[in-house]
Amino acid sequence: MTALDDENRAAIAERHPEIFRTDWRRRSMIVTGLGAAVGLFLFGIVQLDIPLKRLSDGLFMLGGFLRLMLPPDPGSWAQALIYLHALGETLSIAFLGTLGGALLAFPASLLAARNVVANRIVHFLSRRGLDTIRGIDTLIWALIWVGVVGLGPFAGILALVCSDFGTFGKLFSEAIEAADRKPVEGIQAAGGNHLHGIRFGLLPQVVPILLSQVLYYFESNTRSATIIGIVGAGGIGLQLAEQIRVLEWQRVSFLILLILVAVSAIDWISSKLRFAIIGRRAIA
Amino acid sequence: MLPVLSPKHPMRAAIPELPQARLQELADHYANAVAAKRRQMSLGSAFLVGAVLAAGWMGDVDPWKFAENFWRFPAYFAGMVPKFSFASAWVDLAEWFWGLPRWMRLLGDTLLIAYVGTLTGAIGGFVLCFLASANLVRSRAIVFLTRRALEFCRTVPEIVFALIFVLAFGLGPLPGVLALAIHTMGALGKQFAEVVENIDSKPIEGVAASGGSWLQIVRFGAVPQVLSNFASYALLRFEYNVRSAAVMGFVGAGGIGQDLIEAVRKFYFTDVSAILLLIVATVMVIDFITERVRHHLLGLQDAGT
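It should be emphasised that the depicted structure is a prediction, and the values quoted were computed from it without experimental measurement.

## Considerations on the overall build of chain B
- In terms of helices and strands, chain B carries 13 helices and zero strands.
- Starting at the N terminus and walking to the C terminus, you meet the elements of chain B as α-α-α-α-α-α-α-α-α-α-α-α-α.
- Here chain B has a C-alpha radius of gyration of 30 Å; the compact-globule value for 305 residues is 19 Å, and the former is much larger.
- Projected onto its principal axes, the C-alpha coordinates of chain B cover approximately 85 × 75 × 45 Å.
- Burial statistics for chain B: of 305 residues in total, 34% are counted as buried.
- Counted over contacts in chain B with a minimum sequence separation of 6, partners at least 24 positions apart contribute 71%.

Here it is, written out as structure tokens:
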């Protein structure tokens, strides 16, 4: 094959001028957009007062930490058992938090779904309420619950219940609103009332979707549960924060490794269960 | 109840009836299916109850302590409500939000931390996602290694990175930005790679067939197909990162979190509620804006294909 020579190229350009014409409007839009993004980035660096010199020093120190982290080592068997217990606490926090949040969110999501409760005010209030709860981070909920029930994993469970309540409420209500209306209409046409329509028309459609969403969040909650210990709400985060503060780097890397293994295991189990529930199709 | 037609009813004649043996067989099948479903359900419930009890024991769940102390939860929020009367609404409001200029500055810092972190991470994820896509890279080893690296960045919580970075880089927004950037790189790298693996392979083959290098294949074959999707994912990540940046201050990594945790620890209740309200309002505004932009972007994509 011969390469396109200049003469050919010129001929093609002459035959299709609209393809070779420079689109100035599009180009200027792209340049403005990129310029704004870069400008804001630079403004951020200046405004946040990020010292670029400290970047190199810090990277050097980080390299030192990394060297000290190898090999990962819990210290002693007794210590390793303590860490495993903390990991168990973390998994319990994630499990009970997800479950509790889902159970509480289910009735709330029915309220927030337009095709179940047709009242505009109820819809608006429940949606905004769920948004507010969702806007508060799990760590902040953990801080609040530590003040209520004291330090320990129980506070962590309640914190996850609260933040999951907001997330699940929104996800569930969206799934319910996306459900097909026809089964509900069929049941009402056969003489069922509104509740019958929800129970036999709506729920059989949405429950598998809701379950798969819950299982999906179980994994991300395991990750959240590993960190709420930082504010004293139990689990492996407490140990991790402590070991980082006292610069026991080998233990830190052991704990991080433990977290990685646990999260991957939960991910594997929950995706297996999810596929078992809804089959191998895409998860909305 | 549906009315049951009597055997002598004329309508009955219109419906053909199955022989008794066949009916019995069908009824047995149905009963078996129902029983199997019941068995499955009860087994699942028993397993769930067992898991709940085990987790409850492990997680120190104490219903008595909960019942005894639950009043503190509404009391906590009641305590956060400031002194407020309509007669002196303006003065009360000013007193409640006494630190507004400082908090607004910190909120601005929080947003900038989220922005700079997201952008840096998105660029990193953009570069790495092509290496993690099996349809663009032949070498299994490169794909495998890139994916594991992204997984590591994604799985370690950002606040753990922040804790470590605070020690290395000192207090301030820098460790927060870096922690968010690394986490974002892991999360976006994975999502981007999934998008790239689902693109149409014809443009790629076209560029390869006309002699393009690997970079040209990526630039002219892959990127035009994925850009709007990438932007949409990056915006979603930005939304998430705003929430994360708000708590980065808990470990000394800049932003409004520093003031929030101080107010909580020192029981300045009205300050807590003021800062929480500001955070929630900011998060809602950002959610609203990014959702708008994302719908616009996805609309562009639909129009393009």
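Once the structure has been displayed, the description carries forward.
## Here's the deal with the packing of helix α6 (residues 100-131) of chain B against helix α9 (residues 173-197) of chain B
Residue and element names in this part refer to chain B.
- Closest axis-to-axis distance for the α6/α9 pair is 6 Å, and the angle between their directions is 40 degrees. In terms of orientation, α6 and α9 fall into the oblique class. The way α6 lies across α9 gives a crossing that is right-handed.
- A per-class count over the contact of α6 with α9 returns 18 nonpolar, ten polar and one charged.

## Description of the domain arrangement of chain B
- As far as domains go, chain B holds domain 1 (19-70) and domain 2 (100-304).
- Computed from C-alpha atoms alone, the centre-to-centre distance between domain 1 of chain B and domain 2 of chain B is 41 Å.

## Digging into the domain arrangement of chain A
- If you check the domain split of chain A, you get domain 1 (6-69) and domain 2 (77-278).
- Centre-to-centre separation of domain 1 of chain A and domain 2 of chain A, based on C-alpha positions: 38 Å.

## Some remarks on the confidence of the model for chain B
- Across chain B, pLDDT averages 85, with 93% of residues at or above 70.
- Taken over the whole predicted complex, pTM reads 0.80, whereas the ipTM for its chain interfaces reads 0.79.

## Some words on unusual backbone geometry
- At the junction of A:Leu70 and A:Pro71, the peptide bond is cis and its omega measures out at -10 degrees in the coordinates.
- Relative to the assigned elements, A:Pro71 resides in the loop between α4 (52-69) and α5 (77-112).
- A positive phi angle is found at A:Leu247, which is not glycine, with a value near 60 degrees.
- Here A:Leu247 lies in the loop between α11 (236-245) and α12 (249-278).
- Under the C-beta neighbour-count criterion, A:Leu247 is labelled exposed, with 11 such atoms within 10 Å.
- The backbone of B:Phe267 shows a phi angle near 60 degrees, a positive value even though the residue is not glycine.
- Along the chain, the position of B:Phe267 falls in the loop between α12 (257-265) and α13 (269-304).
- Look at B:Phe267 and you get exposed, because 10 C-beta atoms sit within 10 Å.

## Section: α5(A)
- Relative to the 52 Å expected for 36 residues at 1.5 Å per residue, α5(A) spans 51 Å between its end C-alpha atoms, a close match to the ideal helical length.
- Approximately 35 degrees is the largest bend angle found in α5(A), and it occurs at A:Phe106, with the proline A:Pro107 only one to four residues beyond.

## What about the environment of A:Asp164?
All names here are of chain A.
- If you trace the backbone, Asp-164 turns up in helix α8 (residues 153-177).
- Through-space distance from the C-alpha of Asp-164 to that of Leu-139 is 12 Å; in sequence the pair is 25 residues apart.
- Here Asp-164 is in contact with Gly-97, Thr-98, Gly-101, Ala-102, Ala-105, Tyr-217 and Asn-221, once residues within four sequence places are set aside.

## Things to note about the interface of chain A and chain B
- On the side of chain B, 46 residues touch chain A, which itself brings 47 residues to the contact.
- A class-by-class count of the residues in the side of chain A that touches chain B yields 32 nonpolar, ten polar and five charged.

## Details of the environment of A:Ser271
- For A:Ser271, the location among the structural elements is in helix α12.
- The spatial distance from the C-alpha of A:Ser271 to the C-alpha of A:Pro153 is 26 Å, given a sequence separation of 118 residues.

## Concerning the nonpolar core
- Counting residues in hydrophobic clusters, the biggest one holds 142 residues, and the most contacted among them are A:Ala142, A:Trp145, A:Ala159 and B:Ala162.
- In contact with B:Ala162, other than residues within four places in its own chain, are B:Pro175, B:Gly176, B:Ala179, B:Met248, B:Val251 and B:Ala253.

## Description of the packing of helix α8 (residues 158-169) of chain B against α9(B)
Residues and elements named next belong to chain B.
- It is the contact of α8 with α9, at a shortest axis distance of 8 Å, that shows an interaxial angle of 140 degrees. One finds that α8 runs oblique with respect to α9. Crossing of α8 over α9 shows right-handed handedness. Along its contact with α8, which presents Glu-158, Phe-161, Ala-162, Phe-165, Val-166 and Phe-169, the element α9 presents Leu-174, Pro-175, Gly-176, Leu-178, Ala-179, Leu-180, Ile-182 and His-183.
- Considering only residue class, the contact of α8 with α9 consists of eleven nonpolar, two polar and one charged.

## Some thoughts on the environment of B:Gly206
Residue and element names in this part refer to chain B.
- Mapped onto the fold, Gly-206 is located in helix α10 (residues 202-209).
- For Gly-206, a count of 13 C-beta atoms within 10 Å gives the class partly exposed.
- Along the primary structure Gly-206 and Ala-149 are separated by 57 residues, whereas in three dimensions their C-alpha atoms are 31 Å apart.

Cut-offs used in this document
- Residue numbers restart at each chain and count upward from 1, following the sequence in its written direction.
- As they are written, the chains are lettered A onward and the ligands numbered 1 onward, keeping that order.
- At least 70 in pLDDT is required for a residue's local features to be given in this predicted model, at least 80 for side-chain atom pairs to be given and counted, and no such filter applies to totals for whole chains, interfaces and linings, which use all residues.
- We count a stretch as a helix when DSSP gives it H or I for four or more residues in a row; a strand needs E for two or more, and each element gets its number in order from the N terminus.
- As a reference, a globule follows 2.2 Å times the number of residues to the power 0.38, and the radius of gyration itself is taken over C-alpha atoms.
- Partly exposed residues are those falling between the two cut-offs: more than 12 but fewer than 20 other C-beta atoms within 10 Å of their own, whereas 20 or more means buried and 12 or fewer means exposed, with C-beta atoms placed from the backbone.
- Residue pairs are scored as contacts if the distance between their C-beta atoms, which are placed from the backbone, is within 7 Å.
- Here, axes are lines fitted to C-alpha atoms. For helices the fit covers the stretch in contact, and angles between N-to-C directions go from 0 to 180 degrees.
- Orientation is classified from the angle alone, with under 35 degrees giving roughly parallel, over 145 giving roughly antiparallel, 65 to 115 giving roughly perpendicular, and any other angle giving oblique.
- For any helix crossing, the convention is left-handed if the near helix is rotated counterclockwise from the far helix by under a right angle, and right-handed if that rotation is clockwise.
- As a working rule, the residues Ala, Val, Leu, Ile, Met, Phe, Trp, Tyr, Cys and Pro are called nonpolar, Asp, Glu, Lys and Arg charged, and the rest polar, with Gly in that last group.
- These domain limits were set by an automatic method or by a database of domain assignments.
- As a per-residue measure, pLDDT tells how confident the predictor is, with possible values from 0 to 100.
- The length a helix should cover is 1.5 Å for every residue beyond the first.
- Values of bend correspond, residue by residue, to the angle between axes fitted over the seven residues ending at that residue and the seven starting there.
- Note on definitions: a nonpolar core is a set of buried residues drawn from Ala, Val, Leu, Ile, Met, Phe, Trp, Tyr and Cys, linked by C-beta atoms within 7 Å.

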